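# A look at the structure
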Amino acid sequence: MTVLALDIGATKIAVGLVGADGVTHEVGRITVPPSGVWDAVRGLLLAAANGHTVSIVGIGACGPVDATVGVVEPLNIPEWRDGFALVDAVRELFPGATVRMAVDGVCLALAERHFGAARQTPDALAMTVSSGIGGGIIVGGMVAVGHTGNAGHIGHMIVPGSTDPCACGGVGCVEAVASGPSAVRWARERGWEGATGVELAAAAEAGDRIAKAALRRAGIALGQVISSAAALLDVDLVVVGGGFAQAGEPLWRPLQEALGAHARIQFLGDLRVVPSELGENATLVGAGLLTALGASA
Ligand SMILES: [Zn+2]
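Residues numbered from 1 in each chain as written. Predicted model: local features only at pLDDT ≥ 70, side-chain atom pairs only at ≥ 80, totals over all residues. Heavy atoms only, no water.

## So, the coordination of the zinc ion
The zinc ion binds to the protein through His156 (ND1), Cys166 (SG), Cys168 (SG) and Cys173 (SG); the donor distances cover 2.0 to 2.4 Å. Exposure remark for Cys173: the relative accessible area of 3% places this residue in the buried category. (Donors = N, O, S within 2.8 Å, 3.2 Å for Na, K, Ca; no water. Buried < 20%, exposed > 50% of the residue type's maximum accessible area, 1.4 Å probe, protein only.)

Structure, rendered in structure tokens:
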């Protein structure tokens, strides 16, 4: 009996085999193609199944999703933006298989709860800061799913005073300020000439004035929405993963400063915001856990 995990990210898609112990091992990965996304995913899944009968597939997908009907509507995959019936497509590919899907933030929270920093912490927020900003909520040891499967979309909380347009159609979302591409765009508008979040972080580390300002702006925005979310949920731990969260001191210092300014209410006195230790496969690992837990549709 083969159990598969699938991670549909904004920039890459990964597939893994889930062991009897619930641990997922990646067996394939591709960059999201500009078109023919389902054909690429199908090929990846068939290669992972390798002719064996697939009994369960767990899917983590970048949001938003409609988990009630198994449809993905990712902001960052144009071909699927208006909705793709991913769960039905996977069921058709592996007849008889159980298919469970959750938004990537929910998978991330499951992974942190079972294998990561939230193992000992029943009330926590898991976040990813990379090409987008996502998250998942752990309350009372359980991962919140929400009405349509989208609970934890912290990327679309509002940064005070921001008017940056967001891919969701709104204005001032933290994803439009503090994701890697958003910070890069802000820096480039001010004359910085690099192209990626990794380059921006290196430039800030080397003392570039614009790069430092871009990371400072992103860090403050993250600290502000984390303060708001922590007060709303009464969590004592926030775990932050994703590539852009690796930007180090130039991002993390202003983030902590903003926490110091905003997370002041007494019950947040023990709040810790820490980098994730799970690495880039956290969503895939969480998708694997869906196959054991039966969370979501
Ligand atoms: Zn938004």
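Alright, that's what it looks like, and here's the rest.
## Comments concerning helix H6 (residues 197-205)
By the burial criterion, the buried members of H6 are Gly197, Leu200, Ala201, Ala203 and Ala204. Angular distribution of buried residues about the axis of H6 spans 160°; they occupy a single face of the element. Across H6 from its buried face, at more than 90 degrees, point the exposed residues Val198 and Glu205. Buried residues in H6 make contact with helix H5 (180-189), helix H7 (209-233) and helix H8 (249-262). Trailing H6 by a residue or two, Gly207 shows a phi angle of about 100°, which is positive. (Helix = DSSP H or I, 4+ residues; strand = E, 2+ residues; numbered from the N terminus. Arc of directions from axis to C-beta. Contact = heavy atoms within 4.5 Å.)

## So, the pattern of salt bridges
In this structure the tally under the stated criterion is eight salt bridges. Here Lys12 ties to Asp7 by a salt bridge, and the two come within 2.9 Å at their closest N and O atoms. Comparing Lys12 with Asp7, the two get one shared label, buried. When the shortest N-O distance is used, the salt bridge between Glu189 and Arg190 registers 3.6 Å. (Salt bridge = Lys/Arg side-chain N within 4 Å of Asp/Glu carboxyl O.)

## Some points on the packing of aromatic side chains
Within the structure shown, the criterion is met by two aromatic pairs. Ring geometry for Trp38 against Phe84: centres 5.9 Å apart, planes inclined by 35°, an arrangement best described as tilted. With Trp38 in helix H1 (residues 37-49) and Phe84 in the loop between strand S6 (71-72) and helix H2 (86-93), the pair connects residues that are 46 residues apart, well separated along the chain. On the basis of relative accessibility, which here comes to 16%, the residue Trp38 falls in the buried class. With a centroid separation of 4.4 Å and 5° between ring planes, the pair formed by Trp80 and Phe84 is classed as stacked. Neither Trp80 nor Phe84 differs from the other in exposure class; each is buried. Here the aromatic cluster, defined as three or more aromatic residues joined through ring pairs, consists of Trp38, Trp80 and Phe84. (Phe/Tyr/Trp six-rings, centres within 6.5 Å; stacked < 30°, edge-to-face > 60°.)

## A look at the sheet that holds strand S7 (residues 98-103)
Strand order in the open sheet formed by five strands is S3-S2-S1-S4-S7, and the pairing between neighbours is mixed. If you trace the sheet from one side to the other, it starts and ends with strand S3 (24-31) and S7, each paired once. For this sheet, the mean angle separating the axes of adjacent strands, direction not counted, is 15°. Bridge analysis of strand S1 (residues 2-8) against strand S2 (residues 12-18) gives five bridges, and the strand direction is antiparallel. Within S2, the residue paired with Ala5 across the bridge is Gly16. Strands in contact with H1 are S1, S2, S3 and strand S4 (54-61); relative to S2, the strand with the most contacts, it is inclined by about 25°. (Pairing = 2+ DSSP bridges. Axes fitted to C-alpha atoms, helices over the stretch in contact; angles between N-to-C directions.)

## Considerations on the domain arrangement of the protein chain
You'll often see interface size given as the accessible area lost when the parts meet. We note that the domain assignment places domain 1 (2-106 + 281-293) and domain 2 (120-277) within the protein chain. Taking only C-alpha atoms, the centre of domain 1 and the centre of domain 2 are 26 Å apart. Listed per partner, the contact involves 13 residues of domain 1 and 16 residues of domain 2. For the domain 1 and domain 2 pair, buried surface summed over both sides reaches about 970 Å², with 56% attributable to carbon and sulfur atoms. Considering only the side of domain 1, the residues that lose the most area to domain 2 are Leu75, Gly105 and Val106, jointly responsible for 43% of the buried surface there. Put simply, domain 1 and domain 2 have zero salt bridges between them. Between domain 1 and domain 2 we count two residue pairs in polar contact (both at pLDDT 80 or more) in total. Of all elements in the fold, only strand S5 (65-66) and helix H3 (104-115) reach the threshold of two or more residues within the side of domain 1 that touches domain 2. Of the residues in the side of domain 1 that touches domain 2, the class split is seven nonpolar, five polar and one charged. (Domains from an automatic or database assignment. Buried area = accessible area lost by both parts, 1.4 Å probe. Polar contact = N/O pair within 3.5 Å; in protein donor to acceptor, adjacent residues only side chain to side chain. Nonpolar A, V, L, I, M, F, W, Y, C, P; charged D, E, K, R; others polar.)

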